[in-house]
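Listed below are the residues making up each chain.
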Amino acid sequence: MTTDAFAGERLKHSHFHPRQAERNLREAWSSWNGFKFADYYYDAEYEYFCVRNTCGTYDICPMQKYMVTGGDALAMLNRMVTRDVSKLGINRVTYVAWCTDEGRMVDDGTIFRLGEDKFMLTCGSPCLAWLRMSSLGFDDLHIEDVTEGFAALSLQGPTSFAVLKAMGLEGLENLKPFGIMHFPYHGGMLMVSRTGFTGDLGYELWAQPEHALTLWDELYGVGADYGIHPYGESATNMARLEAGFIMPDMEFNEALKTVNFQHDQTPFELNLGWLVDFKKPHFNGRKALLAERDKGGPKYMLTKLDIEGNKPAEGSHLYSNENCSREIGYVTSAMWSPAAKANIALAMIETDKLQGEIWAEIYYEKELRHIHKVARCTIQDKPFWTPARARQTPPPLY
């Protein structure tokens, strides 16, 4: 009998791993919160085009999920996050952020209201310790980490609705963006939320773990006629950038993980001022954020850029003039967008320089030669990719 001396160090498998392993032809694995997680399965760009033209599945089992219940659940969450969640109806989802007392963003995520006193918080990084600290003073409250209690899969793309209808989810056509519906499923329940991280038509499916492989097989059984394909982190990063969505470790540093002073960000710096509701009573960071607003706003602002040419400005510094003598910011994410047919980027730029010229200093490699160019940037106010189908109810049945 042999034992695995490294068993405690190995990455965990998600509920969908047996099917994912069959399809990960390139063995391109990464990790997320201790789970073995696909970077891509076959080709990242092919997977991106599936999301934009047909549909794809993305494993969200590693995403952190916390059930917050009890008579004080709403009050506790409303004190923790910057948005007023008292307005959130049952079976609705909202996007939120939460901050330190200094107004620096700890993380962002979504809150699902599943009952009068029942909420589920999802986020990219573990947050249980912060939730427990935020619960001080609230007695009628229970917080439970339910991350491994869901087999959760994101189904995104124009044919996603058609796939779920072919599976027999009657009434799904009435589900509006950020809404939740429940369906009987093999003796249990399947929760479907019209949410996602691609900016496209899409849903997130929440099943009991024992139904994970059945759910996968049924999706891929009916989805074969609709171009279904799994996609990983690389394709997700392309789609979310086109939608203008932020990513930790790219657009922002989580406040509890930074070492240097103010190398984290406030919601205003991330252009998320619409998430901050000063009309509600006290919440974490309120005083600091009010002071930032009253002083005229943040020094830097996350900004969408359309950059001339077709060379992605990854890691580029930004300047206020073509000769690059006055640095005013830096690019956080960049790519050539197939959907927008544009050279796009998100960038942190000094707020008082947003009205002037913006130039990107781009370095790239061509046949082992390192090349440098300077390209003009134009500010974009809207997401780079925002198809009407993402908001239509009922959605188009492709």
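As a starting point, this report considers the structure included with it. Bear in mind that the values here come from a model prediction, so they are computed numbers and not experimental data.

Let's talk about the pairing of strand 18 (residues 358-366)
Within a regular strand, side chains alternate between the sheet's two faces.
Here comes step 1: Pairing geometry for strand 15 (residues 317-319) and strand 18, over three bridges, is antiparallel. Residue histidine 317 lies in a different strand from strand 18, and its bridge partner there is glutamate 361.
Here comes step 2: Pairing of strand 18 with strand 19 (residues 369-380) involves nine bridges; the strand directions are antiparallel. From the neighbouring strand, alanine 360 faces strand 19, where its bridge partner is alanine 375.
Here comes step 3: Once strand 18 ends, the chain turns through two residues before running back antiparallel as strand 19, passing glutamate 367 with a positive phi of about 50°.

Things to note about the pairing of strand 14 (residues 300-307)
Here comes step 1: The element strand 14 is extensively covered by neighbouring structure, given that six of its eight residues are classed as buried.
Here comes step 2: Both strand 14 and strand 17 (residues 342-350) contribute to a ladder of eight bridges, which runs antiparallel. Considered in strand 17, the bridge of tyrosine 300 is made with glutamate 350.

A word on the sheet that holds strand 18
Here comes step 1: Pairing in this closed barrel of six strands is antiparallel, and the strands run 14-17-16-15-18-19 around the ring. Each strand axis lies, on average, 40° off the axis of its neighbour in the sheet, ignoring direction.
Here comes step 2: Contacting strand 16 (327-337) and strand 17, helix 7 (residues 233-243) crosses the sheet at an angle of about 120° to strand 16.

Things to note about the packing of aromatic side chains
Here comes step 1: Counted by the stated rule, this structure contains 13 aromatic pairs.
Here comes step 2: Measuring from centroid to centroid gives 6.2 Å for tyrosine 42 and tyrosine 46, while their planes differ by 90°, and the two rings are edge-to-face.
Here comes step 3: Classification of tyrosine 46 as partly exposed rests on a relative accessible area of 42%.
Here comes step 4: Residues phenylalanine 112 and tryptophan 206 carry aromatic rings whose centres are separated by 5.2 Å and whose planes lie at 75° to one another, so their mutual orientation is edge-to-face. Remark: tryptophan 206 occurs in strand 12 (residues 202-207) and phenylalanine 112 occurs in strand 6 (residues 105-115); sequence separation between them is 94 residues. Neither residue differs from the other here; phenylalanine 112 and tryptophan 206 are each classed as buried.
Here comes step 5: Each member of the aromatic cluster is reached from another via a ring pair, and the members are Trp32, Phe37, Tyr58 and Tyr231.

So, how was this worked out
Residues numbered from 1 in each chain as written. Predicted model: local features only at pLDDT ≥ 70, side-chain atom pairs only at ≥ 80, totals over all residues. Heavy atoms only, no water. Pairing = 2+ DSSP bridges. Helix = DSSP H or I, 4+ residues; strand = E, 2+ residues; numbered from the N terminus. Buried < 20%, exposed > 50% of the residue type's maximum accessible area, 1.4 Å probe, protein only. Axes fitted to C-alpha atoms, helices over the stretch in contact; angles between N-to-C directions. Contact = heavy atoms within 4.5 Å. Phe/Tyr/Trp six-rings, centres within 6.5 Å; stacked < 30°, edge-to-face > 60°.

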